[in-house]
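# A closer look at the structure
So you can see what is in the structure, the chains are spelled out below.
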Amino acid sequence: MSFIIDYQWELFISLEVVSLLFLIVFLVIRYAFTKQRLSVLFLLLFLFCMVLEAVLAGVIYQETGEFSTFQVVIVLFLVYACTFGIGDFKKLDRFIKQKVGYWRGINLLTEEDKRKMERAKDPQVVARKNRIWWYTHAAVFIIVQTIFWHVYGDHSHDLMYYLSDLTWYGDEDASRSPYTEDIILQITQLWTLILAIDMVVSWSYTLFPEKKT
């Protein structure tokens, strides 16, 4: 068990890499070799890796008794896989269809696939999708932070006190932060950084759109 705790991040990353490989193999076998039943096996292995990630997070929590950044990251990955990941899977599916079809000299893309691929190249569509994604991300962030404040907040000062002085942000000690728990502070710091990076990337498509080809 100590091995799992010591190498928890390595195990998680390995599961992510292996699950992605299973997903790609599933699509390749499905379209390149038309082995429908065999391809399902790799899809099941992909899903099994996701289950193992959840089990890994549970085991680490059971052994340490602490809800850490590790569990937060796994939860975020699993939530992504069950929401926006489905859309990304469909994009990967169309990409594999296109490449395998070109290799086999046949057309595997449906008219709907072609329409979606063409639409995905439109800079305005790309920009709008990225804005919607960021709005959703920001809304979830605000809702969760509101819950954190009410449940774990240090109410000896009001919220504006902490928002007007952000020197606590880079501190690992929760005693100077808006929160009473170190793990909540760490989650907030990590998530704020991710949200900021996401904002730059998402809005770059609006501020600096590519020329339509």
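Up top is the structure these notes are about.
Residues numbered from 1 in each chain as written. Predicted model: local features only at pLDDT ≥ 70, side-chain atom pairs only at ≥ 80, totals over all residues. Heavy atoms only, no water.

### Digging into empty space enclosed by the protein
Applying the stated criterion across every chain yields a total of one cavity of 30 Å³ or more. Secondary-structure elements contributing two or more residues to the lining of the largest cavity are α4 (69-82) and α9 (182-207). Top contributing element to the lining of the largest cavity by residue count: α9, with four residues. The residue makeup of the lining of the largest cavity, split by class, is six nonpolar, no polar and no charged. (1 Å grid on protein atoms, 1.4 Å probe; cavity = no way out; pocket = protein on both sides within 12 Å on 5 of 7 lines; lining within 4 Å. Points joined across faces, edges and corners; volume = space filled by probe spheres on them. Helix = DSSP H or I, 4+ residues; strand = E, 2+ residues; numbered from the N terminus. Nonpolar A, V, L, I, M, F, W, Y, C, P; charged D, E, K, R; others polar.)

### Comments concerning the side chain of S202
Residue position: S202 is located in helix α9. When its relative accessible area of 1% is taken as the criterion, S202 is described as buried. Each residue touching S202, except ones within four places of it in the same chain, is listed here: N130, W133 and W134. (Buried < 20%, exposed > 50% of the residue type's maximum accessible area, 1.4 Å probe, protein only. Contact = heavy atoms within 4.5 Å.)

### Here we look at helix α2 (residues 8-32)
Over its 25 residues, α2 extends 36 Å from the first C-alpha to the last, a length consistent with the 36 Å expected when each residue adds 1.5 Å. What α2 keeps buried is the set Q8, F12, L15, S19, L23, F26, L27, I29, Y31 and A32. Those residues of α2 hidden inside the fold are in contact with α1 (2-6), α3 (36-64), α4 and α5 (84-104). At the exit of α2 stands T34, carrying a positive phi of roughly 50°. (Expected span 1.5 Å × (residues − 1).)

Structural measurements only, silent on function.
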